[in-house]
Amino acid sequence: MPAFGSFSLLIALVLSGYNLLAGTVALRQLAVGRRGWISPERLAETARRAGIASFFATGCAAFALVWAAFTNDFSVAYITEHSNRALPAAYKFAALWSGQEGSLLLWAFLLSAYGFVLRVRHKVDVKLTAYASTILAGIQVFFLLLVNVAATPFSLVTGAIPADGNGLNPLLQYPEMVIHPPMLYLGYVGFSVPFAFALGALMMRYPGEKWIHITRRWTMVTWLFLTVGIFLGMHWAYSVLGWGGYWGWDPVENASVMPWLTGTAFLHSVMMQEKRGMMKSWNVWLIFSTFMLAILGTLLTRSGLVSSVHAFAQSAIGTWFWVFLVIVLAVCLFTYILNRDHLKSEHKLESLVSRESSFLFNNLVLLAACFTVLWGTLFPVLSEYVQGNRVTVSAPFYNRVAVPIGVFLLFLTGIGPLLAWRSTSVRSIAKNFRLPAIVGLVAAIAIVPLGVHPWTIFTTDEQGAFYAWVTLAMSAFVITAIFAEFWRGGKVIQQKSGQNLLTSMVQLTRRNTRRYGGYIVHFGIVLIFIGISGQAFNQSHEQAMNYKQTFKLGPYTIECLDYSQDSNPNYDTEFALLNVYRGGHLVTRLSPELRIYAASQQPSTIVANHSTLAWDLYIIYAGKDPATGQPVIKAFLNPLVAWIWIGLIVTILGTLIALAPNISAAIAAQRHRVAVAPEVVAAGKAGD
Amino acid sequence: MRRLNRFALLPLLVVLGAATLGSADTETRYNDLGHKLMCICGCSEILIECNHVGCPDSDRMLGELKAAIAGGDGNDAVLAAFQEKYGPTVLAAPMLTRFNIVAWVVPPGLLLLGLAGTFMLVRKWRLRTVAMPAVADDPASMELRERIRRETEI
């Protein structure tokens, strides 16, 4: 099987190389109007087919590695390092991305899978797809070169084949690890497609905005994957790492959030190009930057340039990524300089108070957030270069610098949809802003008695309560603004059709899925902000506990019922059995664990979490008190965390709605068996 | 009325501020400073959040932190002492000294510059009231844009 895998990778490289070369020659011939001994159309078709075949070859290589994991083929060094016989089947599958070589193979495979879909659907626009396919082939060649030369997943062990492997990193032995990395990679890799289309469209001076229309769904799906990947990672960190938090501003986390921020900016600003023919250069560079940031993030975390808790991802392949990044930047710059006259805006901003300018500021703030993250990640390197010593840039820096930017972004999320395209009148502003502003103010006052005391920023070093107060008040403002939009539009349809308001709002959403799906995404993001704001009020308590001993944390009383140990072939475990009471009533029974994995002899905490909408009671087994042998229990009371995961679900739902095609007003009315007057079609415009 | 509000707000803030002045107790300071320091064992975690089993450094460092607070040292003095002993990487964020100021100033500075630049750009565009020349769109492109408009409006 290792030979089959290696051979498949080699074949994939050859096929992708052919796709790149033949595609380039064919497109060049088409551009200059020259014909060789094979017509450029036929040459381009062979290139496309080679690209399709490369997907199958890469798929075979990925299969070979998974097969080697499942059959405990320890002749493969990668399998020896990342798997063992006692490893459960699902985690053997996860071995594919648990190490450097495997994750690069996964990257190459997903890239070829995206390429496969793109090449099969080439009839959507044959010439533009040919450009995009050739550019994608170039990226494929890079990753296949990596796995063929620099980080080969099928290298054989030297000497005798070991009887068992070292096992999977214990931190990765968690159900979410089976889906988190593929989701994240689908996000990273997916941005290659809009990048390829954008670069291709620029190279061929593609007329109009059709390339944006073609890539809109690609971009949204990719954004969704990246979003889900990032949040699954947060949930994994929260559930497995056992420090009571979900985001540590580690360089690997930062690497994932940077392309997300520019991708989000692209999704917004692209609407200005579609609707008004504006910001063409900006959009092209946004998608270029998003792709390059995905590569830069990989470079930062794998080259060892910055230190990270994700140490398993570091190696010496940084040079490869540097070279690739420089080539990509050079190609983008060269293409842009040659064709920049093609990207002239057709309109310019007419008013500072308009939907366009809100998009402009939204983009600016998103880019500022992205720059802050990049700056914080790279500053230790810069400091070492300038001062001769490294400094640490961690949570306190981001909390002070990035959080205010995030709050400003939340504010823009609220006001953007309230502004009209081109220009908004003062009367319209007053009308649209009145209710959200009142609700925001009421919320700002109402949360003070609940313990949100913003004035602590003046009396202590702590800023969390102030930002939480601003965030919660702003969230009330934004949520009201969003629901007012639904209410206004739904009301108009209701008046015309006689349906109830809820049905009218559903119909409104189905008639313009992109707009109202987008609002639902905004709602989800606001819920996430609410969840994050709870972090300012986290409480914790640590105590060694004897039988029947208790301690209080917030409204809960935690009692140690028992503690013991157990073992199975994969790990030994120590655990405590805890009763949780509230108001004298038993609420739940929790069992935090500490596992020592047999193969690696590495410890791992298994968190016990009692989650409610108000707060999470998050308990870890921190080890045994060496003096008494009693379990040391560390408990956290983390307010509002559940809203982060609820917000994610709402965001997914909103994105899926935005991806769905619109239903026409007539069909919608027919489905509701209501005779629709012609003016109903235009009724929803009241919501604009 | 507006003046009355201003006068009512001021004493309220003073009272609220005074009520919370004593809140920076030892435990709050321990928690606050513990979040401003890193564990030095190589785990790259915030000191007070370092939870890896058998860590050779975090318990000792937290003990030193408790002792420093109990000894009556100010926050800056505690952080400076840790920096002196363990090097600059022990601080979770760079202090406002010499080159490190750049870390704090550049991101908000660029955002402000960007905002100012955007305001000026929009203003410049608005002052140029000359109509933009019509772009020679082909019919297919015009039709597509019309379709996009239809799909994105209700």
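Residues numbered from 1 in each chain as written. Chains lettered and ligands numbered in written order. Predicted model: local features only at pLDDT ≥ 70, side-chain atom pairs only at ≥ 80, totals over all residues.

S.K.: Give a description of unusual backbone geometry that names residues and reports values.
M.R.: Residue and element names in this part refer to chain A. Even without glycine at this site, Trp249 takes up a positive phi of about 55°. Mapped onto the fold, Trp249 is located in the loop between helix 9 (210-241) and helix 10 (251-276). Of note, Leu640 is a non-glycine position whose phi angle comes to about 65°, a positive value. For Leu640, the location among the structural elements is in the loop between strand 10 (631-639) and helix 20 (642-659). By C-beta crowding, Leu640 is classed as buried, having 23 other C-beta atoms within 10 Å. (Helix = DSSP H or I, 4+ residues; strand = E, 2+ residues; numbered from the N terminus. Buried ≥ 20, exposed ≤ 12 C-beta atoms within 10 Å, placed from the backbone.)

S.K.: Pulling in residues and values, what's your account of the sheet that holds strand 1 (residues 539-544) of chain A?
M.R.: All names here are of chain A. Here 4 strands make up an open sheet; going across it, the order is 1-10-9-8 and the pairing antiparallel. Pairing within the sheet leaves two strands with one partner each, and these edge strands are strand 1 and strand 8 (608-611). Between one strand and the next, the sheet's axes are offset by a mean angle of 15°, whatever the strand orientation. Judged from the 6 bridges that link them, strand 1 and strand 10 form a sheet pairing that is antiparallel. (Pairing = 2+ DSSP bridges. Axes fitted to C-alpha atoms, helices over the stretch in contact; angles between N-to-C directions.)

S.K.: Residues and numbers for helix 13 (residues 355-387) of chain A, please.
M.R.: All names here are of chain A. Counted at 1.5 Å a residue, the expected span for helix 13 with its 33 residues is 48 Å, and the 45 Å between its end C-alpha atoms agrees. The largest bend in helix 13 amounts to roughly 45° and is located at Leu378, with the proline Pro380 lying one to four residues further along. By the criterion of burial, helix 13 is predominantly enclosed, with 24 of the 33 residues buried. Following helix 13 by one or two positions, Gly388 adopts a phi angle in the positive range, close to 85°. (Expected span 1.5 Å × (residues − 1). Bend = angle between axes of the 7 residues up to and from the residue.)

S.K.: If you had to explain the pairing of strand 10 of chain A to someone new, which residues and values would you point to?
M.R.: Regular strands place side chains that alternate from one sheet face to the opposite one. Residues and elements named next belong to chain A. The buried count for strand 10 comes to 7 of 9 residues, which makes it a mostly enclosed element. As paired elements, strand 9 (residues 615-624) and strand 10 share 8 bridges and run antiparallel to each other. The residue of strand 10 that forms the bridge with Trp615 is Pro639. What sits between strand 9 and strand 10 in their antiparallel hairpin is a turn of 6 residues, with Gly629 showing a positive phi close to 75°.

S.K.: Describe helix 14 (residues 395-415) of chain A, naming the residues involved and giving the relevant values.
M.R.: If you check helix 14 of chain A, its first and last C-alpha atoms are 29 Å apart, about what 21 residues at 1.5 Å a residue would give, namely 30 Å. At A:Ala402, helix 14 of chain A shows its largest bend, some 35°, and a proline, A:Pro404, comes one to four positions later.

S.K.: A description of the nonpolar core should follow, citing residues and the corresponding values.
M.R.: Side chains of a nonpolar character, in soluble globular proteins, are inclined to be buried together. The biggest cluster of nonpolar side chains holds 235 residues, and the ones touching the most others in it are A:Ala198 and A:Ala369. Those residues in contact with A:Ala369 that sit more than four places away from it in its chain are A:Leu261, A:Ala402, A:Ile405, A:Gly406 and A:Leu409. (Core = buried A, V, L, I, M, F, W, Y, C linked by C-beta atoms within 7 Å. Contact = placed C-beta atoms within 7 Å.)

S.K.: Explain the domain arrangement of chain A to me, using residue names and the numbers behind them.
M.R.: All names here are of chain A. Split by domain assignment, chain A resolves into domain 1 (1-173), domain 2 (175-344 + 355-416), domain 3 (425-512 + 662-687) and domain 4 (537-642). Between domain 1 and domain 4, the C-alpha centre-to-centre distance is 44 Å. Each partner contributes to the interface: domain 1 provides 9 residues, whereas domain 4 provides 9 residues. Of the residues that constitute the side of domain 1 that touches domain 4, the class distribution is 4 nonpolar, 4 polar and 1 charged. (Domains from an automatic or database assignment. Nonpolar A, V, L, I, M, F, W, Y, C, P; charged D, E, K, R; others polar.)

S.K.: Can you lay out the packing of helix 8 (residues 192-203) of chain A against helix 9 of chain A for me, pointing to particular residues and giving the numbers?
M.R.: Pairs of packed helices are described in terms of their axes, by the angle between the two and the distance that separates them. Residue and element names in this part refer to chain A. At a minimum axis distance of 9 Å, the contact between helix 8 and helix 9 shows a crossing angle of 160°. Here helix 8 lies roughly antiparallel to helix 9, going by the angle between them. Of the two elements, helix 8 crosses helix 9, and the hand of that crossing is left-handed. Listed contacts from helix 9 to Val193, Pro194, Phe197, Ala198 and Ala201 of helix 8 are Trp211, Ile214, Thr215, Trp218, Thr219 and Thr222. In terms of residue class, the contact of helix 8 with helix 9 is built from 8 nonpolar, 3 polar and no charged. (Parallel < 35°, antiparallel > 145°, perpendicular 65-115°, else oblique. Left-handed = near helix turned anticlockwise from the far one by under 90°.)

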